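Structural overview for review
Listed here are the chains, written in short residue letters.
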Amino acid sequence: MTASSQPATSPLLTRHAEAETCADPSSTMTLLADSAGFTSYRSTFAEGAVGAPAHFHTSATELFFVISGSLRVLVGEEVTVLGAGDFLAVPPHTPHAFAAAPGHEADVLFVFTPGMGRFDYLRLLGRVMRGEADPAEIAASADHYDNHYVDSPVWRAALESAT
């Protein structure tokens, strides 16, 4: 039993002290598990941090569990705020986005099922946010990582109202 990438049928244990972390200027991601059955990571967002623009997945359901703080989310055309202890499941093909709620930090556990080796995508995001990689690499990887960005006037308006 080892951390990070195991077949879905094997027990999986990731010790906090051994988990890889990826950081950018506004968040830290602790990579927990990347298997065929699911992908899981924990993100801590600084106050005012934007987590992800509007996007959808064609095959994965994305699960959110707010450990502490508040997370503002877009689901379809609706924006809502999740607080500590709240859980959200976003099915495939549903546009969604997330950010720390205005005036709050957020600590969130994310799970994707089925998993698909998303850790390299999360590493790429960190490199882009730090200016170490070209943002065009994200667009070029959309099909490979099942992460498809969309325009959301509702989400843009929500972000603009927070500034």
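Here, the structure is the one placed above.
Cut-offs applied
- Residues numbered from 1 in each chain as written.
- Predicted model: local features only at pLDDT ≥ 70, side-chain atom pairs only at ≥ 80, totals over all residues.
- Heavy atoms only, no water.
- Helix = DSSP H or I, 4+ residues; strand = E, 2+ residues; numbered from the N terminus.
- Buried < 20%, exposed > 50% of the residue type's maximum accessible area, 1.4 Å probe, protein only.
- Contact = heavy atoms within 4.5 Å.
- Areas by Shrake-Rupley, 256 points an atom, 1.4 Å probe, with all protein chains shown as cover.
- Lys, Arg positive; Asp, Glu negative; His and termini not counted.
- Charge placed at Lys NZ, Arg CZ, Asp CG, Glu CD.
- Polar contact = N/O pair within 3.5 Å; in protein donor to acceptor, adjacent residues only side chain to side chain.
- Pairing = 2+ DSSP bridges.

1. Observations regarding the overall build of the protein
If you tally the helices and strands in the protein, you get 4 helices and 10 strands. Shown N-terminal to C-terminal, the secondary structure of the protein runs as helices and strands in the order β-β-β-β-β-β-β-β-β-α-α-α-β-α. The dimensions of the protein, computed from C-alpha atoms along their principal axes, are 45 × 35 × 30 Å. When the 163 residues of the protein are sorted by exposure, 42% land in the buried category. Here the analysis covers contacts within the protein between residues at least 6 apart in sequence; of these, 69% occur between residues at least 24 apart. In the form shown here, the protein has an accessible surface area of approximately 8000 Å², with 56% of it arising from carbon and sulfur atoms. Mean positive and mean negative side-chain charge positions of the protein (8 and 19 charges, respectively) differ by 5 Å.

2. So, the side chain of serine 40
Looking at the element boundaries, serine 40 is found in strand S3 (residues 39-45). The class of serine 40 is buried, set by a relative accessible area of 8%. One polar contact links the side chain of serine 40 to the main-chain carbonyl oxygen of phenylalanine 110, over a distance of 3.1 Å. Setting aside residues no more than four positions away along its own chain, serine 40 makes contact with Leu31, Leu32, Ala33, Leu109, Phe110, Val111 and Phe119.

3. Focus on the pairing of strand S9 (residues 106-113)
Across the 8 residues that make up S9, a large majority, 6, are buried. As paired strands, S3 and S9 are joined by 7 bridges and run antiparallel to one another. Directly across from phenylalanine 45, in S9, lies its bridge partner alanine 106.

These results come straight from atomic positions and should not be treated as a statement about function.
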